[in-house]
Amino acid sequence: MVSLILGKKGSGKTKRLIDAVNNAIEKSNGNVVCVEKKPMLTYDVNYRARLIDTDHYEVSGYDAFYGFLSGICAGDHDITDILVDATLRIGSRDYDELAAFLKKVDALSKNHVEEKNFIFTISADKSELPEGIFEYCKEL
């Protein structure tokens, strides 16, 4: 399942993501991963979540980002939740590319014995995004 935390800059998306990471840690029977653009959440996220900084691996653009997430899933079959902060800064502000990316991530989330939960923060209002995104993503 793919879920989105939407809102303009300063609307509290990252705080909601931190809460979601910490809640996932408590409920998960597996591993929880938090992906961020720069190492900023180290002291906010429970130590049991694996924090990954995309800048460390030079991930840029949606194709590289999808490959990166696929690699994370391939490397650890016990992952139940992957939460991502700053999605547009990692990929791009091209909403059509974002829609194609999220559709592939939705397929990736269902490509395992147990469905993986993906949550992305997106610095945009729902009205700015293509309507088709909400056929396979839900807004939190």
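Residues numbered from 1 in each chain as written. Predicted model: local features only at pLDDT ≥ 70, side-chain atom pairs only at ≥ 80, totals over all residues. Heavy atoms only, no water.

Enquirer: I'm lost on the sheet that holds strand 5 (residues 117-122) in this one. Help?
Expert: The pairing of strands in a sheet happens through backbone hydrogen bonds and is either parallel or antiparallel. Strands sit in the order 3-2-4-5-1-6 across an open sheet of six strands; the sheet is parallel. Pairing within the sheet leaves two strands with one partner each, and these edge strands are strand 3 (50-53) and strand 6 (137-139). Mean inter-strand twist for the sheet, computed between neighbouring axes without regard to direction, equals 20°. The sheet contact formed by strand 2 (residues 31-36) and strand 3 spans four bridges and is parallel. In the sheet register, Val 35 faces strand 3, and the bridge partner there is Ile 52. (Pairing = 2+ DSSP bridges. Helix = DSSP H or I, 4+ residues; strand = E, 2+ residues; numbered from the N terminus. Axes fitted to C-alpha atoms, helices over the stretch in contact; angles between N-to-C directions.)

Enquirer: Any chance you could explain the layout of surface pockets here in plain terms?
Expert: Empty space left among the atoms is revealed by rolling a probe the size of a water molecule over them. Approximately 310 Å³ is the volume attributed to the largest pocket. What lines the largest pocket is a set of 15 residues, among which Lys 9, Lys 13, Thr 14, Arg 89 and Ser 123 lie closest to the centre. Elements represented by at least two residues in the lining of the largest pocket include exactly helix 1 (13-27) and helix 3 (87-90). A per-element tally of the lining of the largest pocket places helix 3 first, with three residues. For the lining of the largest pocket, the residue count by class is three nonpolar, seven polar and five charged. (1 Å grid on protein atoms, 1.4 Å probe; cavity = no way out; pocket = protein on both sides within 12 Å on 5 of 7 lines; lining within 4 Å. Points joined across faces, edges and corners; volume = space filled by probe spheres on them. Nonpolar A, V, L, I, M, F, W, Y, C, P; charged D, E, K, R; others polar.)

Enquirer: Where do I start with empty space enclosed by the protein in this structure?
Expert: All told, the structure shown has one cavity of 30 Å³ or more when counted by the stated rule. Of the voids in this model, the largest cavity is the one considered here, and its volume is about 40 Å³. Lining of the largest cavity is provided by Glu 36, Lys 37, Lys 38, Met 40, Leu 41, Asp 85, Ala 86 and Arg 89.

Enquirer: Please explain the pairing of strand 5 as it appears in this structure.
Expert: With five of six residues buried, strand 5 is to be regarded as a mostly interior element. Where strand 4 (residues 79-84) and strand 5 come together, four bridges link them in parallel fashion. Its bridge partner being in strand 5, Ile 82 is matched across the sheet by Phe 118. (Buried < 20%, exposed > 50% of the residue type's maximum accessible area, 1.4 Å probe, protein only.)

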